[in-house]
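Chain by chain, the residues run as shown.
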Amino acid sequence: VAGIVYDSAGEPLSGVGVRLTDAETGEPITVFSGSSSRFPDGYEYVLGGAPETRAFTVAVVASGGDVLSEETLIVTSQQCNQNVLVVDFEQVGNP
């Protein structure tokens, strides 16, 4: 799962938390925008060594853990040609 968090002017933001929550276990994982070495300005979370079908909710979160965006359900695929989900976020309105 990878993506970029943009501000309202369309510029990438660094250091913004993106929380993925495993739909089955409820376990949250937080990654930060600007931390990916493979996706410039982005975030990335590698689920494992082989593609698998799993469901997560994904949302932008504040440093204290408050959800700042809609939580979106995503489902990964066990197909090799569908094994990266890109979820970008763009700020709308006032921060």
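Our structure's up above, just so we're on the same page.
Residues numbered from 1 in each chain as written. Predicted model: local features only at pLDDT ≥ 70, side-chain atom pairs only at ≥ 80, totals over all residues. Heavy atoms only, no water.

Student: Describe the environment of Ala 62, naming the residues involved and giving the relevant values.
Tutor: Summarising the element assignment, Ala 62 is placed in the loop between β6 (55-61) and β7 (72-75). Ala 62 gets classed as partly exposed once you look at its relative accessible area, which sits at 26%. Along the backbone, Ala 62 and Arg 19 are 43 residues apart, and their C-alpha atoms lie at a distance of 9.7 Å. (Helix = DSSP H or I, 4+ residues; strand = E, 2+ residues; numbered from the N terminus. Buried < 20%, exposed > 50% of the residue type's maximum accessible area, 1.4 Å probe, protein only.)

Student: Could you give an account of the layout of surface pockets, with specific residues and numbers?
Tutor: Once rolled over the atoms, a probe with the size of a water molecule shows which space is left empty. By volume, the largest pocket is sized at about 370 Å³. Lining the largest pocket are 20 residues; nearest its centre among them are Val 5, Val 60, Leu 68, Ser 69 and Gln 91. Every element with two or more residues in the lining of the largest pocket is listed here: β2 (5-6), β6 and β8 (89-90). Classifying every residue of the lining of the largest pocket gives 12 nonpolar, six polar and two charged. Along the wall of the second largest pocket there are 19 residues; nearest its centre are Val 1, Val 46, Leu 47, Asn 83 and Val 84. Tallied by class, residues from the lining of the second largest pocket come to 10 nonpolar, six polar and three charged. (1 Å grid on protein atoms, 1.4 Å probe; cavity = no way out; pocket = protein on both sides within 12 Å on 5 of 7 lines; lining within 4 Å. Points joined across faces, edges and corners; volume = space filled by probe spheres on them. Nonpolar A, V, L, I, M, F, W, Y, C, P; charged D, E, K, R; others polar.)

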